[in-house]
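Structural characterization, general
Okay, here's what each chain looks like letter by letter:
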Protein chains: 4
Amino acid sequence: MKGIELVRKKSEDHKTVILVNDIEIGADQVVPMAGPCAVENKEQLVEIASELKQIGVPILRGGAFKPRTSPYAFMGLGTKGLELLAEAKEETGMAIVTEVMDPGDISSVEPYADILQIGSRNMQNFPLLMAAGKAKKPVLLKRGLAATIQEWLLAAEYIMVSGNEQVILCERGIRTFENFTRNTIDLAAVPIVKSLTHLPVIVDPSHGTGIRELVTPVSKGAVAMGADGLLIEVHTRPEEALCDGDQSLTPSHFKELLEQCEKVAVASGKKGIAKN
Amino acid sequence: MKGIELVRKKSEDHKTVILVNDIEIGADQVVPMAGPCAVENKEQLVEIASELKQIGVPILRGGAFKPRTSPYAFMGLGTKGLELLAEAKEETGMAIVTEVMDPGDISSVEPYADILQIGSRNMQNFPLLMAAGKAKKPVLLKRGLAATIQEWLLAAEYIMVSGNEQVILCERGIRTFENFTRNTIDLAAVPIVKSLTHLPVIVDPSHGTGIRELVTPVSKGAVAMGADGLLIEVHTRPEEALCDGDQSLTPSHFKELLEQCEKVAVASGKKGIAKN
Amino acid sequence: MKGIELVRKKSEDHKTVILVNDIEIGADQVVPMAGPCAVENKEQLVEIASELKQIGVPILRGGAFKPRTSPYAFMGLGTKGLELLAEAKEETGMAIVTEVMDPGDISSVEPYADILQIGSRNMQNFPLLMAAGKAKKPVLLKRGLAATIQEWLLAAEYIMVSGNEQVILCERGIRTFENFTRNTIDLAAVPIVKSLTHLPVIVDPSHGTGIRELVTPVSKGAVAMGADGLLIEVHTRPEEALCDGDQSLTPSHFKELLEQCEKVAVASGKKGIAKN
Amino acid sequence: MKGIELVRKKSEDHKTVILVNDIEIGADQVVPMAGPCAVENKEQLVEIASELKQIGVPILRGGAFKPRTSPYAFMGLGTKGLELLAEAKEETGMAIVTEVMDPGDISSVEPYADILQIGSRNMQNFPLLMAAGKAKKPVLLKRGLAATIQEWLLAAEYIMVSGNEQVILCERGIRTFENFTRNTIDLAAVPIVKSLTHLPVIVDPSHGTGIRELVTPVSKGAVAMGADGLLIEVHTRPEEALCDGDQSLTPSHFKELLEQCEKVAVASGKKGIAKN
C-alpha cells in the first residue's frame, strides 16, 4: 500500500502495545473505553464515571470539545469540561480519552488527556494530525466517514512521521446508502488493518450503528474479529443526554455487554476483557 | 417498516426454522453451506464434495447457471451442471443449494435443488421472486448490492406473498466507496434482520470480502452476531477455479474456520456448528 | 475497458443512429420521450398522449409491467396496458417505449413496443438481456442503481452479442449517501459513454432526481453535455398519478422544458429538439 | 431544512452578490476562476497567470498550503507560495483565491487572498469555519467528499453565524462506488442549493471528475444548470505539474471551454462569462 511506511507491519508478530495507566492496548486483552458523548456537568460525569469504575472499566471517554453538524447544537463545555474530566480522573483513577479539534488546542488539552482523540470529521485535518504527532500522549484516530482504509492509514502515517508512535486506530462506521443505521460499520476493517499494520485497532459500535440495541451484537462481532478495544457511549440517563442519547447504553446494559464480550474474547483467543 | 407483513416478527420468540434433509436452519446451530463457485466438471465437484462431507458439512453449494458481469466469462455448465450436482448428492447425501436466474428455469432446477438460490443481482427481479414463491423448495435470497434492508425484506415479502414461506436471507456485502474489499460486508444487518423478521439469516463472507484471508475472521464475526449459517466458497484447487478463486478456501483451511467458529458459536449462546 | 468489444467506439466519428418511426436517435437532434410512469386507464393515457402529441413529442413512454419495490404496490395493467398503448399509438402516431421484466414476456411485448425498455433493477438480469438481444426492436437499457459504467456497458455488450445492435443507453441516477434526491444523477456519464461507445445515450431526469422542480435544470445540463435524448415522466394530473407523481411534470411545464432545452441544444452544437 | 437560518433564501429573488475586484459573483454572469493546483515556483505561476489574464480570466486560483492524502507528497510552498501569489496579483491585477487549512493561519493568509478557500476535507473543520467567519474576505466553501447538501449548508451557516456573510458554495464531486472518475460530480446540487439559499454556487469540474477530457462537458452542464462560476485547474505544462496534472487543462484548451460555456450561458439566461 503506497505511502504506508511507519505504520506498516514489518513481520507477522510485529505489534505495538500502547500503555495507558497500567492497561495495555494492543496486547492480549480487549480494552473497553466508555462514557458519555459529552461532559455535561459535574453530577452527570461523576455518576457515570463511578458506575463505570465499579464495572471495572479502565478508560473514561467524554467530550469537552464537540464537533457538531449544526452551529446551533450543544458544542461541549470546553475548558470547563476538561476540568471536570480531571476531577473524574482524580476520583476514580480512570484514564481519560477526549477529543481535540483545533491544532491550537492540543497543548491545552494534552495535560488533561491520557489519550487524545481525533474524530472522523478531522481524519484528514492535516495540521491537526501533525500537531498530534508532536504530542506526548497516544492518539486515537477515528476513520473518516468516507475514508478508504488506505487514506486512514496514511492519516496515521502523518501522526507517526511527525514523531508520535502511539497511534490507536478506531473503526466507527462509514457512510453508505443504507440509512437504517447511522453509519455502516465496516468490521472487516479490523482484520484488514491488523494484517497491514502493527497498530492497535478498536471499534466504536455506538457511532457505527447509532442504535442502542445494536451496540452489543456489534461489539461481540468486533471482538470475534480481533478488535483490541471498544469505545462505547454509556450514560446513566440516556433519555436526557445532550447528545447521542439514542445510541447510549445504561451502565447495567453495558455490564451485560462486557460479560458477553468476555466469553467471545476468550473463544477467539484473547485473554478476556481488561479491567482496572 | 412499511410493507413488511408476512416477513415481520410477530413476537420475541417468533422464528421460522427451515428443515433441509435433517438439518434445521434458523434453530440453535450454525449451518455451514460450502462448495465451489461454479460446478466445473465431475472430478472437481466429486473431489470437493467428498472432502466437505468428511468435514461434516451438510449442504453443498455450486452454481450451474452463473450470472457473470461479462458475456465473455464462463457462465456455468447449465443443465449438465445440475446433473453433476445430483450425482454429488447421490454420492455424499449432502443437500444442494444452487442458483436460478430465469423464472422459466425454476421448474427444471427445482428437482435438483434442496434450496433455490436467488443471487444479489436478481434481488429485485420480481418475476423471479414470484416464481420462486410458487416453488416447493426453500429459497435463499441474497441481499442486493445496493439494496437497503427494507428493500431486501420487501423482496422476501414477494416470495412469501406468492406462497412460499421458506425464505433464508443472506447478507453478502453491499457496494460502497471502499475498494480494498470486493464489497463491504454489513454484519450489523444480521442482528437488525433478526430483530425485524422471523426468518433465518446467513452470511456469505466469500463474496462479502472477495479476499481469502478475510473469510475466517468475517465468519467468526457473523457467528458472534447471531448468524444462522454461513455460505462459503471452497475449492480443492483455488488457483485453478474458473471463478472466484481469490476468495475460495481449501477444505483444510475451511475445517479450521469451522473449528474457530464452533468456539465462537458456543460462546455466543448457540449449540455449535451443524454437522451431517 | 475489458470485455467492451461490440459496444466500443472504433473511431472518432463512429456512431450508431437508431431509427424509430422517422426519428433518428443518436444523430443531431435531442429526442424527447415522455409519458406517464404507468398506463393507468384509457382516459389517462389518451389525454396525456394527445397533449404530448400536440407539443410535438415523437415517443410515448408508459409502463404496462411495473417493477415495484413492494408486492403490495400497483404493478401495472399488464397485457391490458399494452393494448392501451397500442390504441394511443394508433390515435397519435407516436412510437411506444415500454418496459419488459421477464424474458418470457419479450415475445408478447415486442409487437406493442417500438422500443423495449430494460429497467435499472434488471440491468444485470442476464437472461433478460440475452432475450432482448434476440428481439428485433431497439432496446433502451437503463443503468443499474449501483452499476459502474463498465458494468453498464458490459450489459449492453450482452444484448449486442446476442444479436441486437440497436441499444440506447439511459443514465437515470445512481444510489449514493445523498438522500435529498431520490438518486444522484451522474451526468458525467454522458460524455464518458459517448467517448467510449458508438451508442446513443439519453438521460432520465425524473428518476434521476425524483423531484419535479429539478427535472428542467437537469434536462438542460444533460443536453449541454451531449445527451441524445430525454426520458421524462409527464402526467396531466400528477397529484393523482398511481406512481411517481412527485417527479411528474404537467404537459405545459414539459413544454417549457423543451423550449429551454431547445436553446441549450443549439448552443451546444445540436440541431435542437426532435419533433414528430 | 433544520438549522438553515442565515443561509436560507427568504424570497424568490433573494440573492447575495459577492464583489471581488470589480467582478460580481452570484449576479448575471458566470465567473471563471482558474490556475494551477499548487503554486510551484515563480516562473510557473507568472506564465500561467499571464496566459489566463490574456484570456480574460478575472480570478487566479493557486494553492500555497496543499492538503495531501500522503505525508510524503508535495504540500505546497507555504508562505513563499503566498508571496508568489501576491506578485502574480501585482503583475496581472487578477484576484486571488487560495486555500487555508489551519484556523491559526487565517490571519497570515488573509492579506494575500481575495477569497479564502476551505477545501472539501475541511468542510466540517468547525474551528476553521468559525475562524473564517471572523475574516473580512469572502469564503469559498467546498462540499465535503461525503457531505449531504444539508451538512454543506450547515457548514456555511457556521461561517455566517460567526460573522462573515460572504460565502460562495462550491460543488466538487462526492465519493461514490463509481471509480471511473475521481469523484461523482453532483450537478443537481446546483439548482437545489440555488433554490434553498441566497448564496452563489460554483462548480469545480477538475476535482469533480479528475479527467481532463471531462472538464469541458461538465462545465457546460454546470452553466446550463445555473452555476454562478467555475473553478478550474489550468497549467501550461500539465504533464509536469506537481499535482493534479491529469485533470489540468492548457490555457488554449481552457479558452475553448470558455467559448463553449459562453454560448450555453447565454442560452440559459445568463449574460455570458465574466471577463477582467
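Residues numbered from 1 in each chain as written. Chains lettered and ligands numbered in written order. Predicted model: local features only at pLDDT ≥ 70, side-chain atom pairs only at ≥ 80, totals over all residues. Heavy atoms only, no water.

**Points about the overall build of chain A**
Helix and strand counts for chain A come out as nine helices and 10 strands. Here the C-alpha atoms of chain A give a radius of gyration of 17 Å, agreeing with the 19 Å that 2.2 N^0.38 yields for 276 residues. Summarising its shape, the C-alpha atoms of chain A cover approximately 45 × 45 × 40 Å along the three principal directions. Classification of the 276 residues of chain A by burial places 68% in the buried group. Within chain A, residue pairs in contact and separated by at least 24 positions form 70% of the contacts whose partners lie at least 6 positions apart. (Helix = DSSP H or I, 4+ residues; strand = E, 2+ residues; numbered from the N terminus. Rg over C-alpha atoms; globule rule 2.2 N^0.38 Å. Buried < 20%, exposed > 50% of the residue type's maximum accessible area, 1.4 Å probe, protein only. Contact = heavy atoms within 4.5 Å.)

**Section: the nonpolar core**
Formed by 153 residues in total, the largest nonpolar core has its most connected members in C:Leu52, C:Leu141, C:Phe254, D:Leu52, D:Leu141 and D:Phe254. Beyond its immediate sequence surroundings of up to four residues, D:Phe254 is in contact with D:Pro32, D:Ala34, D:Leu52, D:Ile55, D:Val57, D:Ile232, D:Val234 and D:Leu249. In this structure, A:Val190, B:Leu60, B:Met94 and B:Leu116 belong to the second largest nonpolar core, which totals 152 residues. (Core = buried A, V, L, I, M, F, W, Y, C linked by side-chain atoms within 4.5 Å.)

**Regarding the pairing of strand E7 (residues 139–142) of chain D**
On any regular strand, side chains alternate: one points to one face of the sheet, the next to the other face. Residue and element names in this part refer to chain D. Alternating residues of E7 divide into Val-139 and Leu-141 and Leu-140 and Lys-142, and every residue in both groups is buried. Note that strand E6 (residues 115–118) and E7 share three bridges and pair parallel. Directly across from Ile-118, in E7, lies its bridge partner Leu-141. Here E7 pairs with strand E8 (residues 167–171) via four bridges, running parallel. Considered in E8, the bridge of Leu-140 is made with Ile-168. The β-α-β motif built from E7, the intervening helix H5 (residues 149–161) and the parallel element E8 has right-handed crossover chirality. (Pairing = 2+ DSSP bridges. Right-handed = clockwise from strand over helix to strand, strands pointing away.)

**Some words on the pattern of salt bridges**
Taken as a whole and judged by the stated rule, the model has 56 salt bridges over all chains. As a salt-bridge pair, B:Glu233 and B:Arg61 come within 3.6 Å of each other at their nearest N and O atoms. On the criterion of sequence distance, the pair formed by B:Glu233 in strand E10 (residues 229–233) and B:Arg61 in strand E4 (residues 59–61) is long-range, its members being 172 residues apart. Side by side, B:Glu233 and B:Arg61 carry an identical accessibility label, which is buried. Linking C:Arg143 and D:Glu178 is a salt bridge whose minimum nitrogen-to-oxygen distance equals 2.8 Å. Linking C:Arg143 in the loop between strand E7 (139–142) and helix H5 (149–161) with D:Glu178 in the loop between E8 and helix H6 (189–196), this pair reaches from one chain into another. Exposure remark for C:Arg143: the relative accessible area of 0% places this residue in the buried category. (Salt bridge = Lys/Arg side-chain N within 4 Å of Asp/Glu carboxyl O.)

**What to know about the pairing of E10(B)**
All names here are of chain B. Taken across its five residues, E10 has five buried, putting it largely inside the fold. Burial along E10 is two-sided: Gly-229, Leu-231 and Glu-233 and Leu-230 and Ile-232, pointing in opposite directions, are all buried. In this structure, strand E3 (residues 31–35) lies alongside E10, joined through five bridges in parallel fashion. Bridge pairing in E10 places Pro-32 opposite Leu-230.

**Observations regarding the environment of B:Gly144**
Summarising the element assignment, B:Gly144 is placed in the loop between strand E7 (139–142) and helix H5 (149–161). Sequence-distant contacts of B:Gly144, that is, excluding residues within four places in its chain, are made with B:Ser120, B:Met123 and B:Ile174.

**Looking at the relation of the copies chain A and chain B**
For the pair chain A and chain B, the relating rotation is 180°, the translation along its axis is 0.0 Å, and the fit reaches an RMSD of 0.0 Å. When the rotation and shift are considered jointly, the pair of chain copies conforms to a two-fold rotation axis. Within chain A, A:Gly221 has its C-alpha nearest the rotation axis, a separation of 2.0 Å. Of the residues that chain A buries at the interface, 100% are likewise interface residues in chain B, meaning the two copies contact each other through the same surface. (Least-squares fit on C-alpha atoms with pLDDT ≥ 70 in both.)

**Observations regarding the confidence of the model for chain A**
The predicted model of chain A averages 97 in pLDDT, with 100% of residues at 70 or higher. Across the interface, the model reports ipTM at 0.97; the global pTM reads 0.97. (pLDDT = per-residue confidence, 0-100.)

**Looking at helix H1 (residues 42–55) of chain C**
Residue and element names in this part refer to chain C. When the terminal C-alpha atoms of H1 are compared, their 20 Å separation across 14 residues agrees well with the 20 Å that a helix rising 1.5 Å per residue should span. Of the residues flanking the start of H1, the one acting as N-cap is Asn-41, its side-chain oxygen 3.1 Å from the backbone nitrogen of Glu-43. One or two steps after H1, the chain reaches Gly-56, where phi turns positive at roughly 105°. (Expected span 1.5 Å × (residues − 1). Polar contact = N/O pair within 3.5 Å; in protein donor to acceptor, adjacent residues only side chain to side chain.)

**Things to note about empty space enclosed by the protein**
Here the structure, examined in full by the defined rule, presents four cavities of 30 Å³ or more. Here the largest cavity is characterised by a volume of approximately 310 Å³. Lining the largest cavity are 20 residues; nearest its centre among them are A:Arg121, A:Leu145, D:Ser120, D:Arg121 and D:Leu145. Here the residues of the lining of the largest cavity are counted per class, giving eight nonpolar, six polar and six charged. The calculated volume of the second largest cavity comes to roughly 150 Å³. (1 Å grid on protein atoms, 1.4 Å probe; cavity = no way out; pocket = protein on both sides within 12 Å on 5 of 7 lines; lining within 4 Å. Points joined across faces, edges and corners; volume = space filled by probe spheres on them. Nonpolar A, V, L, I, M, F, W, Y, C, P; charged D, E, K, R; others polar.)

**Quick look at the state of the cysteines**
Residue and element names in this part refer to chain D. Summed over the entire model, instances satisfying the criterion amount to four disulfides over all chains. Bridging Cys-37 to Cys-243, the disulfide has an S-S length of 2.3 Å. Note on the Cys-37 and Cys-243 pair: the S-S dihedral is about -100°, so by sign convention the disulfide is left-handed. Taken together, the residues Cys-37 in the loop between strand E3 (31–35) and helix H1 (42–55) and Cys-243 in the loop between strand E10 (229–233) and helix H9 (251–267) connect sequence positions 206 residues apart. (Disulfide = S-S within 2.5 Å.)

**Considering the sheet that holds strand E9 (residues 201–203) of chain D**
Residues and elements named next belong to chain D. With parallel pairing, the eight strands of this closed barrel are ordered in space as E3-E4-E5-E6-E7-E8-E9-E10. If you compare each strand with its neighbour and ignore which way they point, the axes differ by 25° on average. With two bridges connecting them, E3 and strand E4 (residues 59–61) associate as parallel partners. Pairing of Met-33 across the sheet is with Ile-59, part of E4. Across the sheet, H9 touches E3 and E10, and the angle it forms with E10 is around 165°. (Axes fitted to C-alpha atoms, helices over the stretch in contact; angles between N-to-C directions.)

**Regarding the environment of B:Lys270**
Residue and element names in this part refer to chain B. Within the fold, Lys-270 resides in the segment after helix H9 (251–267). Judged by its relative accessible area of 15%, Lys-270 is buried. With 121 residues separating them along the chain, Lys-270 and Ile-149 place their C-alpha atoms 25 Å apart. Among all residues touching Lys-270, those that are not within four sequence positions of it are Ala-27, Asp-28, Gln-29, Val-30, Gly-226, Ala-227, Asp-228 and Ala-265. Among the polar contacts made by the side chain of Lys-270, one reaches the side chain of Asp-228 at a distance of 2.9 Å.

**Focus on the packing of aromatic side chains**
All names here are of chain C. Counted under the stated rule, the structure contains four aromatic pairs over all chains. Seen from their ring centres, Phe-126 and Tyr-158 are 4.5 Å apart, and the 25° between their planes marks the pair as stacked. Here Tyr-158 lies in helix H5 and Phe-126 lies in helix H4 (residues 126–132), a separation of 32 residues in the sequence. The pair Phe-126 / Tyr-158 is uniform in exposure class, with both members buried. (Phe/Tyr/Trp six-rings, centres within 6.5 Å; stacked < 30°, edge-to-face > 60°.)

**Description of helix H2 (residues 79–92) of chain A**
All names here are of chain A. With 14 residues, H2 should reach 20 Å at 1.5 Å per residue; the first-to-last C-alpha distance of 20 Å fits that figure. Listed in full, the buried residues belonging to H2 are Gly-81, Leu-82, Leu-84, Leu-85, Ala-88 and Thr-92. Summarising the axial view, the buried residues of H2 lie within an arc of 160°, below the 170-degree limit, and thus occupy one face. As for H2, its buried residues are in contact with helix H1 (42–55), strand E4 (59–61), strand E5 (95–99) and helix H3 (106–109). (Arc of directions from axis to C-beta.)

**Remarks on a nonpolar patch on the surface**
Together, A:Leu6, A:Val161 and D:Tyr72 give the surface a local cluster of nonpolar side chains, amounting to about 250 Å² of exposed area. Structurally, the position occupied by A:Val161 is in helix H5 (residues 149–161). (Patch = residues over 30% accessible without salt bridge, like charges linked within 9 Å, V, L, I, M, F, W, Y side chains within 5 Å. Areas by Shrake-Rupley, 256 points an atom, 1.4 Å probe, with all protein chains shown as cover.)

**Details of the side chain of D:His207**
All names here are of chain D. Relative to the helices and strands, His-207 resides in helix H7 (residues 205–209). Owing to a relative accessible area of 9%, His-207 belongs among the buried residues under this scheme. Looking at His-207, its side chain comes within polar contact range of the side chain of Asp-244, at 3.1 Å.

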